[in-house]
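One-letter residues, chain by chain:
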Amino acid sequence: MTAASPAFTIGVSLKTYLSHARTVAWATELAEVARRHPAVRDGVVELFVAPTFPSLVPVRDVLAGTGVRLAAQDVSATGPGASTGEVSADELAEIGCSIAEVGHAERRAFFHEDDAVVAAKTAAALRNGLTPLICVGEDDRAPAAVAAREVQRQVDAALAAVEDSGRVVVAYEPVWAIGAESPASSTHIAAVVAALEPHLASLPGHADSRVIYGGSAGPGLLTELGGQVRGLFLGRRAHDVSAVEGVLDEALALAAVAPVATVSPVAEVAS
C-alpha cells in the first residue's frame with residue numbers, strides 16, 4: 001500500500017433487495033453522508049457501491065462529486081457482440097463503473113460459474129480498466145490454515161488468465177458465513193487475511209492490491225478486527241445508511257490510532 005492509498009476499502013452490494021426507486025433514494029442518502037464524512041472526504045476510506053445494472057447510471061448521477069466509486073455486481077467475460085443478456089466490461093467502464101465484482105458464491109452456486117469463468121471475467125475487467133472485486137471463500141467451516149490455502153488457490157485461479165496486470169480487491173467471504181446471523185470470528189478472519197494479503201502482494205503487478213472481508217459483515221466488525229483487515233464488503237446490514245456511516249466512523253477512528261496491524265501466522269490460530 002502506498003502512502004497515497006486509502007487506509008480502508010468499504011463496499012456495499014445491494015444485490016436485488018431494493019426496488020429501483022428505493023435504490024436511488026438509498027444512494028441519495030449515502031451521497032449526503034459521503035459529502036460530509038471526513039473518512040471519504042479526506043481519502044481515509046475508499047467507498048464503493050454496487051447496485052443492480054438498471055440502477056447504475058441513476059446511482060452514478062446521484063453520487064457524482066462525492067468520491068464514492070461505482071461498482072457492478074457482475075461483468076461479462078466477453079466483449080461487445082452476440083451475448084444476449086450480458087453486460088460487457090467496456091460498457092461498464094463507459095458509463096462510469098470503476099469496479100466489477102466477480103466470482104461471488106451466489107454466481108458460482110446459482111449460475112454454475114467455475115474458476116475458468118471467474119478467470120475470464122477478471123481478465124475482461126482488467127483489460128478494460130476496471131478493478132476486479134474477486135470474491136473468494138471456503139464452502140464449509142475449516143481451520144484458518146485450511147481456509148487460507150483454499151482462498152489462495154481461488155485467487156491464483158482467478159488471475160490465471162490475466163494478461164493486463166492491475167490492482168485488484170479480494171473480498172474474503174466464507175460461503176458458510178454469507179447470509180448467516182453473524183460473520184466468521186474476528187480471529188479466523190484476521191488469520192486468513194494475514195495469509196492471503198502477502199500472497200496476493202507477491203504476485204506480479206499486485207503490490208497495491210488488498211483483501212477485505214465480507215460475509216454477514218456489519219457495524220462493529222471493523223473495530224473488533226482492530227485494524228487487522230483493511231476493509232469490509234457489506235450486504236443487507238447496510239440497507240440503513242446510518243450503518244454505513246457507523247462503519248466509516250470506525251474506519252476513521254482506526255486510521256487515527258495506528259497503521260494496519262499484523263496477526264500471528266494462520267498455523268498458530270484455531271478457527
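The notes below deal with the structure included here. (Residues numbered from 1 in each chain as written. Predicted model: local features only at pLDDT ≥ 70, side-chain atom pairs only at ≥ 80, totals over all residues. Heavy atoms only, no water.)

Focus on the overall build of the protein chain
For the protein chain, the count of helices and strands is 10 helices and 8 strands. Compactness check: the protein chain gives a C-alpha radius of gyration of 17 Å against a globular reference of 18 Å for 271 residues, within 12% of the reference. Considering only C-alpha atoms, the protein chain reaches an extent of 50 × 40 × 35 Å along its principal axes. When burial is assessed residue by residue, the protein chain has 54% of its 271 residues classed as buried. The contacts of the protein chain with a sequence gap of at least 6 include a subset with a gap of at least 24, amounting to 74%. (Helix = DSSP H or I, 4+ residues; strand = E, 2+ residues; numbered from the N terminus. Rg over C-alpha atoms; globule rule 2.2 N^0.38 Å. Buried < 20%, exposed > 50% of the residue type's maximum accessible area, 1.4 Å probe, protein only. Contact = heavy atoms within 4.5 Å.)

Things to note about the side chain of glutamate 173
The topology assignment puts glutamate 173 in the loop between β6 (169-172) and α8 (186-202). For glutamate 173, the side chain forms a polar contact with the side chain of histidine 104, separated by 3.5 Å. Excluding anything up to four places from it in sequence, glutamate 173 contacts His104, Cys135, Val136, Gly137, Ile178, Gly214, Gly215 and Phe233. (Polar contact = N/O pair within 3.5 Å; in protein donor to acceptor, adjacent residues only side chain to side chain.)

Some thoughts on helix α7 (residues 144-158)
Because each turn of an α-helix spans 3.6 residues, side chains separated by three or four positions in sequence point in the same direction. With 15 residues, α7 ought to run about 21 Å at 1.5 Å a step, and its terminal C-alpha atoms sit 21 Å apart, in line with that. Residues of α7 that are buried include every one of Ala144, Ala145, Ala147, Ala148, Val151, Gln152, Gln154, Val155, Ala157 and Ala158, and no others. (Expected span 1.5 Å × (residues − 1).)

Remarks on the pattern of salt bridges
A complete count under the given rule lists 16 salt bridges for this structure. The salt bridge involving arginine 108 is made with aspartate 115; its shortest N-O contact spans 3.1 Å. Note on arginine 108: relative accessible area 25%, which makes it partly exposed. The partly exposed category is assigned to aspartate 115, whose relative accessible area is 23%. A salt bridge links aspartate 115 to arginine 153, with the shortest nitrogen-to-oxygen separation between them at 2.8 Å. Pair noted here: aspartate 115 is in helix α6 (residues 115-127) and arginine 153 is in helix α7, with a separation of 38 residues, a long-range link. We classify arginine 153 as partly exposed; its relative accessible area is 38%. Salt bridges here are not isolated pairs; linked through shared partners, they connect Glu46, Arg69, Arg167 and Asp208. (Salt bridge = Lys/Arg side-chain N within 4 Å of Asp/Glu carboxyl O.)

Limitation: the analysis is restricted to geometry and does not speak to function.
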